[in-house]
Amino acid sequence: KNPWLGLGSYHEGQLLYGRDKETTDLTDIIVHHTASVVYGKSGIGKSSLLRAGVFPQLRQNGFVPIYLRLAHNTDVPYTKQVENAITENVARKDLLPKDIPDMGLWDFLHRNQFFDGDGSPITPVIVLDQFEEIFTLTQVEHKSDAQAFFTELADVLNDVKPDRVIEEEAAYNKKVVQPQTTASTFGFV
């Protein structure tokens, strides 16, 4: 059998030949950095390297790669597409009370614990394939969604808690904080 797919791309579970060093190097970069960008000419094997090479190594190290190609010009915001992809691929446990709404990607990633099928904790790795399409395919009426997504993505990558999360936390804490019991409460002062 011919092991080369020609113009087709390899997927997880298929054997990728001759890219061991590149696979190991890219896996190391992804594991040790918050964001990684893989770019190059079309057809040189970026997707194959990721899916057939890097993804299995990530899984062996407690990560779950989540492959996503964003849908453009839809009613589903980009941020929600990322959250949905994570939810579809891993189990999660929301650590906050149900009455606190999800406030975006930073909040979603920080308020949940993620688990594999065996219940072991994992870290999702979001792989946005063809990300450049957000610049070329997003129509004018959806540009605000793209801008909001860039802002949320920047907050996640820079680990900056968004102002709206800080404000909501402060408002919630005011609702649930009980008055402090003091000596004067009992008439000792």
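This write-up is about the structure you can find in this document. (Residues numbered from 1 in each chain as written. Predicted model: local features only at pLDDT ≥ 70, side-chain atom pairs only at ≥ 80, totals over all residues. Heavy atoms only, no water.)

### Points about the pattern of salt bridges
- One pass over the full model with this rule turns up seven salt bridges.
- A salt bridge links K21 to D25; the nearest nitrogen and oxygen atoms lie 2.7 Å apart. Linking K21 with D25, this pair stays in helix α1 (residues 20–32), spanning four residues, or about one helical turn.
- Two residues, R111 and D94, come together in a salt bridge whose shortest N-O distance is 3.1 Å. A residue pair is termed long-range when its members are at least 10 positions apart, and R111 in helix α4 (residues 105–111) and D94 in strand β2 (residues 91–94) qualify at 17 residues.
- A residue is classified by how much of its surface remains accessible, and R111, at 4% relative accessible area, is buried. (Salt bridge = Lys/Arg side-chain N within 4 Å of Asp/Glu carboxyl O. Helix = DSSP H or I, 4+ residues; strand = E, 2+ residues; numbered from the N terminus. Buried < 20%, exposed > 50% of the residue type's maximum accessible area, 1.4 Å probe, protein only.)

### Quick word on helix α3 (residues 78–89)
- If you check α3, its first and last C-alpha atoms are 17 Å apart, about what twelve residues at 1.5 Å a residue would give, namely 16 Å.
- All buried positions along α3 are accounted for by Y78, T79, Q81, V82, E83, A85 and I86.
- Along its buried surface, α3 packs onto β1 (63–68), α4, β3 (112–115), β4 (123–128), α5 (133–136) and α6 (143–158). (Expected span 1.5 Å × (residues − 1). Contact = heavy atoms within 4.5 Å.)

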